Amino acid sequence: MNRLRPIPGRLWRRLRRTPPVLAALVVIALAHGVAWTAITPPLQGPDETTHIAYVQSLVEAGEGPQVNGGTGQYSRELEILGEGLYVLPITQHFEGRPAWHLVDEVEARLDREGEAARTEATGPNAAAGNPPLYYLYAAAVWELTPDRSLLGRLTSVRLATVVPFAITVILAWLIAAELFTVAWARPLVAGIVALNPKLASIAGNVNPDAFLVMLSSGVLLAALRVAQRGLSPPRVIALVALASAAVLTHGRGYFLAPLALIAVGIALLRERPDRRRALVFGGAALAGILVALYLGTSWTREHAAGAAFGGAAPSSGAFDLGEFLSYVWQFYFPGFHFLDESIAGGYGYNQMWIQNFFGGIVNLELNFRPEKYEAIKLGAFLGMMAVWTTAAIRWRTLRDRWPAVVICAAMFLGMVALLHLVSYTSLKNGTGPVITGRYLLVCIPLMGAAIAFVATSLPRVLGVILGGMALGLAALHAIAMLGFGVERFVA
């Protein structure tokens, strides 16, 4: 048997030590993501056409697309597929269904068009300002897949995007192990991630978000280990590498750069090493992060007509601190009489944190009824109150675990601050709020950790019951959304 096993012995032993519950959750995540790959028609994922065009530009032209220039928004190949299978015209037309009976006809037409139909995809492309790391990963899959048809390549990239989702579940398990001593908190946190339909649907499409969620979860894990266990070359290298990879994946990953530096700063504060050791670790972390920021910014400037951060960076002349603070306040709370009307209009907490996080799947088409969202909103409010109450009761424990508390708080607040800053800038530029529920997925392990924090603070029986209820509701949420997807695109 040993001769037949190609896996190295050490790796094989680690795999055999994998907890069965974790293995089951990884399988559930893979099945969940693959189900969305099967249900969602080609090109129907959020901005999927632009992301595929980015991949095709890398493969066919050898370079990323441009925001304002190029040979075409997307290739003739994608146009033939989208129109021939009727998958582009049905967007937001709920009576429409893909014309799967025309697959053979469309593939024959694509064969006749040949290689010339693949080349015109270098822009203008709204996703061109994104750094290239995910797209390089997707381009490698695109080139290496044995199925050379367009549908085969597209499906292969979608399936490859499910893999980061499964890795995120493993990372969530490890994050829970860093935060909680109670063993059953680990399947609770990892299960909340594996059963999230928003993340699973994104993972089932060509989109960098699932890749970014995996990296942000890796940064959180590495930051917790550095802050709590101390400085060591492997830990710091892993932290800086993951944060740099997040920066090179998407502009929404920039908030992870300061988080990495905060983790190193906490470790230095706790250890109080000699000056040489402090300079080596602190300087190496800062240098690595600055290099990643430089590379990411340079890429976006080059491909977004010189605009830093893909055009999302606010100019000093356009930014008004008072207006920004008023916008953020009115995003979450009713405005005071002395405040001007919010620059975001009526878009706020309900739309982003409730409707577009728990619903709004596949181009915002799959949703609950309005009364369901009211119930979800009430549940979210009660959940937040439970977290705050538990934190107040267990403040001594949180004080003793302050490095972990600071890391988790810094990650969450950094994400929220960046999203609102970019949203405010977009509103000032007249392009809309550019903020939606799927952007919150980078902190999805923290959502599971918040539930586990409340559950593990209760007596064991009550805590297990609460955790089981949370997982049960998450499973019902996942099943309901899959049902909506089947009804919308298959039935």
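Residues numbered from 1 in each chain as written. Predicted model: local features only at pLDDT ≥ 70, side-chain atom pairs only at ≥ 80, totals over all residues. Heavy atoms only, no water.

### Observations regarding the packing of aromatic side chains
No. 1: Counted according to the given criterion, the structure contains 21 aromatic pairs.
No. 2: When the centroid spacing of 5.6 Å and the interplanar angle of 20° are considered together, the rings of Trp329 and Phe336 count as stacked.
No. 3: Judged by relative accessible area, which is 35%, Trp329 ranks as partly exposed.
No. 4: On the basis of relative accessible area, Phe336 is assigned to the partly exposed category, the value being 43%.
No. 5: Taken together, a centroid distance of 5.9 Å and an interplanar angle of 75° make the contact between Phe368 and Tyr373 edge-to-face. The same class applies to Phe368 and to Tyr373, which are both buried.
No. 6: Through pairs of rings, three or more aromatic residues link up here, namely Phe324, Tyr327, Trp329, Phe331, Tyr332, Phe333, Phe336, Tyr347, Tyr349, Trp353, Phe412 and Tyr424. (Phe/Tyr/Trp six-rings, centres within 6.5 Å; stacked < 30°, edge-to-face > 60°. Buried < 20%, exposed > 50% of the residue type's maximum accessible area, 1.4 Å probe, protein only.)

### Let's talk about the packing of helix α17 (residues 370-393) against helix α20 (residues 444-457)
No. 1: Axis separation between α17 and α20 bottoms out at 9 Å; the angle between their running directions is 55°. Relative to α20, α17 is oriented oblique. Relative to α20, α17 is oriented so that their crossing is left-handed. Here Ala386, Val387, Thr390 and Ala391 of α17 lie close against α20, whose contacting residues are Ala450, Phe453, Val454 and Ser457.
No. 2: Residues belonging to the contact of α17 with α20 are distributed by class as follows: six nonpolar, two polar and no charged. (Axes fitted to C-alpha atoms, helices over the stretch in contact; angles between N-to-C directions. Helix = DSSP H or I, 4+ residues; strand = E, 2+ residues; numbered from the N terminus. Parallel < 35°, antiparallel > 145°, perpendicular 65-115°, else oblique. Left-handed = near helix turned anticlockwise from the far one by under 90°. Contact = heavy atoms within 4.5 Å. Nonpolar A, V, L, I, M, F, W, Y, C, P; charged D, E, K, R; others polar.)

### So, the environment of Val226
No. 1: Residue position: Val226 is located in helix α10 (residues 209-229).
No. 2: A residue is classified by how much of its surface remains accessible, and Val226, at 0% relative accessible area, is buried.
No. 3: Residues Val226 and Val264, 38 residues apart in the sequence, show an inter-C-alpha distance of 6.6 Å.
No. 4: Setting aside its immediate chain neighbours within four residues, Val226 contacts Leu231, Arg235, Val236, Leu239, Ala263, Val264 and Ala267.

### A word on helix α3 (residues 48-61)
Residues lying three or four places apart along an α-helix face the same way, a consequence of the helix completing one turn every 3.6 residues.
No. 1: When the terminal C-alpha atoms of α3 are compared, their 19 Å separation across 14 residues agrees well with the 20 Å that a helix rising 1.5 Å per residue should span.
No. 2: Among the 14 residues that make up α3, 12 are buried, leaving the element largely enclosed by the rest of the structure.
No. 3: The set of residues buried in α3 consists of Glu48, Thr49, Thr50, His51, Ile52, Ala53, Tyr54, Val55, Gln56, Ser57, Leu58 and Val59.
No. 4: Buried positions along α3 lie against α4 (76-84), α6 (133-144), α7 (150-179) and α13 (275-303).
No. 5: The first or second residue beyond α3 is Gly62, which carries a positive phi of 75°. (Expected span 1.5 Å × (residues − 1).)

### Things to note about the side chain of Ser217
No. 1: On the secondary structure map, Ser217 appears in helix α10.
No. 2: By relative accessible area, which is 0% here, Ser217 ends up buried.
No. 3: Once residues lying within four places of it in the same chain are set aside, the contact partners of Ser217 are Thr168, Leu171, Ile175 and Pro445.

### With respect to a nonpolar patch on the surface
No. 1: Together, Leu378, Phe381, Leu382, Met384, Met385 and Trp388 make up a nonpolar patch on the protein surface, roughly 650 Å² of accessible area in all.
No. 2: Note that Trp388 resides in helix α17.
No. 3: By relative accessible area, Trp388 is classed as exposed at 63%. (Patch = residues over 30% accessible without salt bridge, like charges linked within 9 Å, V, L, I, M, F, W, Y side chains within 5 Å. Areas by Shrake-Rupley, 256 points an atom, 1.4 Å probe, with all protein chains shown as cover. Salt bridge = Lys/Arg side-chain N within 4 Å of Asp/Glu carboxyl O.)

### Observations regarding the pattern of salt bridges
No. 1: If you walk through the whole model with that rule in mind, you get 14 salt bridges.
No. 2: Between Glu178 and Arg225 there is a salt bridge, and its shortest N-O distance comes to 3.2 Å. Of this pair, Glu178 sits in helix α7 while Arg225 sits in helix α10, and the two are 47 residues apart along the sequence.
No. 3: A relative accessible area of 9% means that Glu178 is categorised as buried.
No. 4: For Arg225, a relative accessible area of 27% corresponds to the partly exposed category.
No. 5: Between Arg252 and Asp209 there is a salt bridge, with the nearest N and O atoms lying 2.6 Å from each other. With Arg252 in the loop between α11 (233-247) and α12 (256-271) and Asp209 in helix α10, this residue pair connects regions lying 43 residues apart in the sequence.
No. 6: Of the residues examined, Asp209 reaches a relative accessible area of 5% and is grouped as buried.
No. 7: Several salt bridges share partner residues, and in doing so they unite Asp47, Asp209, Arg252 and Arg438 into one network.

### Remarks on the side chain of Ser342
No. 1: Note on placement: Ser342 falls in the loop between α14 (321-332) and α15 (349-358).
No. 2: If sequence neighbours within four positions are ignored, Ser342 has contacts with Tyr327 and Gln330.

### Quick look at α7
No. 1: For α7, built from 30 residues, the straight-helix expectation of 44 Å at 1.5 Å per residue is met to within 8% by its first-to-last C-alpha distance of 44 Å.
No. 2: α7 sits mainly inside the fold: 23 of its 30 residues count as buried.

### Here's the deal with the packing of helix α8 (residues 185-194) against helix α21 (residues 460-489)
No. 1: Close contact between α8 and α21 brings their axes to 9 Å; oriented N to C, the two are set at 15°. Taken as axis vectors, α8 and α21 run roughly parallel relative to one another. Read as a crossing pair, α8 and α21 show a hand that is left-handed. The segment α8 lies against α21, with Pro187, Leu188, Gly191 and Ile192 engaging Gly467, Ala470, Leu471 and Ala474.
No. 2: Grouping the amino acids of the contact of α8 with α21 by side-chain chemistry returns six nonpolar, two polar and no charged.

### Looking at unusual backbone geometry
No. 1: Residue Gly123 is joined to Pro124 through a cis peptide bond whose omega torsion reads 5°.
No. 2: Mapped onto the fold, Pro124 is located in the loop between α5 (103-113) and α6.
No. 3: One non-glycine residue, Gln92, adopts positive backbone phi at about 65°.
No. 4: Examined against the element boundaries, Gln92 turns out to sit in the loop between α4 and α5.
No. 5: Under the relative-accessibility criterion, Gln92 is labelled partly exposed at 41%.
No. 6: Here Leu364, not a glycine, exhibits a phi torsion of approximately 65°, which is positive.

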